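Chain and residue survey
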Amino acid sequence: MNNSFLRVSIWVYLVIFFLYLLGPLVIMSVTAFNSSAFPRMTPWECLTFQWFGELFQDQRILNGIKNSLIIGAGTVVLSVAMGLAGALMLTQIWPKLRATYYTIIIAPILIPGVVLGISTLVFWDRINRMLGLGADSVLSNGIFLTVIGQSTFIASYCMLVLVARLQRYDVALTEAALDLGATHAQAFRKILLPFMRPAIASAAVLAFLASFENYNTTTFTFGEYPTLTIELAQKVRYGITPAISALAFIIVALTVFFALLNEAKLKRQELVAAARKKATVEELAGKIKLPSFFAGNMAAVLLVVFAVATITVVGTATAYNPGQCIANVKEQKRLEAEQRIQELRKQREEQRKKREAEEAQQGGAQQSAPKPSNNSGFGNVFAPNTLGGDTEEESSEPETPPSNNGGFGGAFDPNSLQTDQ
Amino acid sequence: MSAGVGVDLENLWIRFGDFVAVRDANVNINGGDFFSFLGPSGCGKTTILRAVSGFLDPSEGRVLIGGNDMRGIGPNKRPTALIFQNLALFPLMKVWENITFSMEIKGASASQRRKRADELLDMIALPGQGDKLPSELSGGQRQRVAIARALCAEPDVLLLDEPLSALDLKLRQHMRTELREIQQRVGITFIYITHDQGEALTMSDNIAVMRAGVIDQIADGKTIYNDPNTAFAASFVGENNVFRGKIKQVMGNEAMIATNRSGDLVARISTANQGKLQEGDDAMLFIRPEAFSIAADGATGDHFVTARVTHEEFEGNVYNIFTEGEGGKEIKVSLPNLGQSFEDHTGQNITLEYETRNAVLVPAGELAAE
Ligand SMILES: Nc1ncnc2c1ncn2[C@@H]1O[C@H](COP(=O)(O)OP(=O)(O)O)[C@@H](O)[C@H]1O
Ligand SMILES: [Mg+2]
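Residues numbered from 1 in each chain as written. Chains lettered and ligands numbered in written order. Predicted model: local features only at pLDDT ≥ 70, side-chain atom pairs only at ≥ 80, totals over all residues. Heavy atoms only, no water.

**Considering the environment of V309 of chain B**
All names here are of chain B. Here is the rule we go by: Per the convention used, a helix needs a DSSP run of H or I reaching at least four residues, while a strand needs a run of E reaching at least two, with both numbered from the N terminus. It only takes one pair of heavy atoms within 4.5 Å for two residues to be counted as in contact.
Along the chain, V309 turns up in strand β16 (residues 304-314). A C-alpha to C-alpha distance of 50 Å links V309 and G31, two positions 278 residues apart in sequence. When sequence neighbours within four positions are dropped, the list of residues in contact with V309 reads I321, F322, T323, H345, T346, G347, Q348 and I350.

**Considering the domain arrangement of chain B**
So the rule is basically this: Each domain's extent was defined by an automatic or database domain assignment.
Per the domain assignment, the segments making up chain B are domain 1 (7-226) and domain 2 (240-363). Distance between the C-alpha centres of domain 1 of chain B and domain 2 of chain B: 38 Å.

**Considering the interface of chain A and chain B**
What counts, and what does not: Two parts placed together each lose some accessible area under a 1.4 Å probe, and adding up what both lose gives the buried area. Salt bridges are identified by distance alone: a Lys or Arg side-chain nitrogen within 4 Å of an Asp or Glu carboxyl oxygen. For this analysis, a polar contact is any N or O atom pair within 3.5 Å, provided that within protein one partner can donate a hydrogen and the other can accept it, and provided that sequence-adjacent residues contribute only side-chain to side-chain pairs.
With 22 residues of chain A at the contact, the number on the chain B side is 30 residues. Roughly 2200 Å² of surface becomes buried between chain A and chain B when both sides are summed, with 62% attributable to carbon and sulfur atoms. Taken as a group, D179, L180 and R276 of chain A account for 31% of the area that chain A buries against chain B, more than any other trio of residues on that side. Inspection of the chain A/chain B interface yields 2 salt bridges. At the surface where chain A touches chain B, the tally comes to 7 residue pairs in polar contact (both at pLDDT 80 or more). Those elements giving two or more residues to the side of chain A that touches chain B turn out to be α7 (171-179), α8 (184-213), α11 (242-278) and α12 (281-285) of chain A.

**Considering helix α6 (residues 142-166) of chain A**
All names here are of chain A. Going by this rule: Each residue after the first adds 1.5 Å to the expected span of a helix. Note that the bend at a residue is defined as the angle between axes fitted to the seven residues ending at it and the seven residues starting at it. Only protein chains enter the accessibility calculation, which uses a 1.4 Å probe; a residue whose area is less than 20% of its type maximum is buried, one above 50% is exposed, and one in between is partly exposed.
Under the 1.5 Å per step criterion, the end-to-end length of α6 is 34 Å for 25 residues, consistent within 8% with the ideal 36 Å. Taken as a whole, α6 carries its principal kink of about 45° at T152. Here α6 lies mainly inside the structure; 19 of its 25 residues are buried. Here α6 starts with a cap whose side-chain oxygen sits 2.7 Å from the backbone nitrogen of I143, and that cap is N141.

**Quick look at the site of ligand 1**
All names here are of chain B. Here is the rule we go by: A cutoff of 4 Å decides nearness: a residue is near a molecule or strand if any of its heavy atoms lies inside that distance of it. The Shrake-Rupley method, run with a 1.4 Å probe sphere, supplies the accessible areas, and residue values consider only the shown protein chains as cover. Nonpolar residues are Ala, Val, Leu, Ile, Met, Phe, Trp, Tyr, Cys and Pro. Charged residues are Asp, Glu, Lys and Arg, and all others, Gly as well, are polar.
The full set of residues close to ligand 1 is F16, F19, A21, S41, G42, C43, G44, K45, T46 and T47. With respect to ligand 1, the backbone of C43 contributes an N or O atom lying 3.2 Å from an oxygen atom. Contacts to ligand 1 include K45, whose backbone N or O atom sits 2.9 Å from an oxygen atom. Considered on its own, ligand 1 offers 560 Å² of accessible surface; in the complex 57% of this is hidden by protein. The set of elements that each furnish at least two residues to the shell around ligand 1 consists of β2 (19-29) and α1 (45-53). Of all the elements, α1 adds the most residues to the shell around ligand 1, at 3 residues. By residue class, the composition of the shell around ligand 1 is 4 nonpolar, 5 polar and 1 charged.

**Looking at the sheet that holds strand β6 (residues 80-83) of chain B**
All names here are of chain B. The cut-off we apply is this: Here a strand pair is declared whenever DSSP counts at least two bridges between the two strands. The angle between two axes is taken between their N-to-C directions and runs from 0 to 180 degrees, where each axis is a line fitted to C-alpha atoms and a helix contributes only its stretch in contact.
Across the sheet, 6 strands lie side by side as β6-β7-β8-β3-β9-β10; this open sheet has mixed pairing. Edge positions in the open sheet fall to β6 and β10 (214-219), since each of these has one partner strand only. Neighbouring strand axes in the sheet, compared pairwise and without regard to direction, differ in orientation by 15° on average. By the bridge criterion, 4 bridges tie β6 to strand β7 (residues 157-161) in an arrangement that is parallel. If you follow I83 over to β7, its bridge partner there is L160. Across the sheet, helix α6 (residues 169-186) is in contact with β3 (34-38), β7 and β8 (189-194); its angle to β8 comes to roughly 160°.

**A short note on helix α14 (residues 323-362) of chain A**
Here α14 of chain A contains 40 residues, and its C-alpha end-to-end distance of 55 Å stays within 8% of the 58 Å for a straight helix at 1.5 Å per residue. Residues V329, K333, A337, I341, L344 and R355 of chain A constitute the buried set of α14 of chain A.

**Section: unusual backbone geometry**
All names here are of chain B. Despite not being glycine, D24 has its phi angle at roughly 50°, a positive value. Here D24 lies in strand β2. Residue A212 is not a glycine yet carries a positive backbone phi of 45°. Here A212 is to be found in the loop between β9 (206-211) and β10.

**Section: the sheet that holds strand β20 (residues 359-363) of chain B**
Residues and elements named next belong to chain B. If you walk around this closed barrel you meet the 5 strands as β11-β12-β13-β20-β14, and the pairing is mixed. For this sheet, the mean angle separating the axes of adjacent strands, direction not counted, is 55°. In the sheet, strand β12 (residues 254-258) pairs with strand β13 (residues 264-269) via 5 bridges, with the strands oriented antiparallel. When the sheet's bridge partners are listed, E254 is paired in β13 with R268.

The following block contains the structure:
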């Protein structure tokens, strides 16, 4: 009994844990497909792909992505190179100095990104001036500064990853290569680098992701090359649209895709290795029998499902036209609004009649309509949008967003309301 | 080339800080020889090999290969190939790529490499295994791949660092013969390192016995076994029974020592010590287990030992008798099994006899750890 209680609580915990982890992502992804102009899941209006189209027409976002990619590539190259050099030093340096060296090289991880950003800016500005270069020199270029600034700490991450692998390297392998006539450069290139390749790949991915999502450091160094995170932050300042949800969805989808791809590849290598171990000499001498890509490889199956789903969605998206639905919703809203207006008119009529009656009784009272309670704050109580939501076609004046979006209170983006028309 | 390239160590010292790993080694290795360094673990064998292959610079002295001083010449420029203690096969390369790595360095084409790899794989009796990874081979197979990889570089001198230590007994014995055959076929100088005296004795033309950085003796296997220079060499190479005492009398190439327990014993003075041992010196007398025979009860003299039997064992080819010896050590006697009947002597006194020429006398010194 105790045991089953434990099991149930573990499951409950897991569910809560994953809800906590993935809930926001799921909700954000769903809002990317809702035609409502403000990113939200309920009320569900129409399935639409318009936000993706909008996303890819937003020059600032596209430019941000481009800058992020350029800076990410630069950071990967610089960080992995510096990380590898650091890792090689660390594993070969004098044992007495190792602890000190390690601490120094790890320190950037502990320093706040903001500090790194400011110091990068100040440092290179000083150098720039010392060299007597102008404000348009390479040393004050936003891409250069951002790559340098991010690499100061991303290189440390890379080094940690690389050291872990390097510690398992047998120096005798390099010696064997030298002994067989290789130069130091050849031994490095043909023996050590291939051994490090998986770790270098991990470090590169890590470096790219760290660079891509970085804000703290970049915000000081980007100059004229705002990255995606910078652009997003600036956008959110003026309001948020489902186009940002669409971007989030794309990122989530790509992440899932690459995670599955990686998993499938690893699993496949494992299976191949196992098969080769089992294979007899004759089999190997003849043709190696690879297991089919899918056998016992859950990740591969998922990957294919995922790919098919993606193709389906994209296919649907190109063919799908939510115009009818949106028109329906619009019509419905209009009807609702009309109905409401009728009701209000009726109410008013009644009130007027009542008042007239009262006036008739009391004589000559003032003419003023009391505001309905749910329309507080707005002069125009007949505005249909306050009743039916906020589709762009119908509203041209500010509105209060629904209470569940309180975090962005007043941050409604007027631009996004117009772009689609 | 037919005579092979020799290796000479001249007054070689190697220090790590204050620690002396190799002390004044002088060795002449003839071209084409199978030469072994034999010594217990940690005595400096690998260190010598690394100095020859170029990974370590001598603190003092010289390493000559083919008469040329190797100072300042890196491992990739020396005509040596080293087989590492742990083999150090490249784990990510296939067997054939491993074997022909030295050709890849020189820019040989893949088809040339494959061809050579196939030849070498045939030679090491692993035909058709070139496409496996080293991790997919057994220990003995990996061993042979390492040899093939070294031979592919066509070295003048092949250096082997305890290459058989990781193998099981059967394979070890098989590989001994195989290594010796390969050496004779390719005709180059082999320098072989081992702590296993059986390996050294069966394969080598000459052996250097090492103890804690010092070379005690250099000679062929028979000489080392029958005529050791030092107490260490006598006790390390093969099984030996030791008797300690002071020299009572020197009689030409023979001498008599006075032992505590077994009375006076006579033995031949080992060749290197003839003329050096004086009366009154502390000395050690060594008699091999197989050099004893059982004498009639009560026989006495300077080549008889009487002791109480503690236990006996039957080993198949020999029958072993253990008796109380000196300083808590046992005396081991091995009688060849020639079909005779063995009676149990346990608990009884037994008289053992040896021939003087089969007992060897050396100055007292450090014994090899058991
Ligand atoms: N790089 C080194 N630094 C310090 N001491 C070393 C080094 N290499 C070997 N030694 C020491 O030298 C001695 C001989 O080592 P080695 O030649 O490896 O012995 P072995 O005979 O077992 O091959 C050992 O005591 C070892 O601790
Ligand atoms: Mg060693």
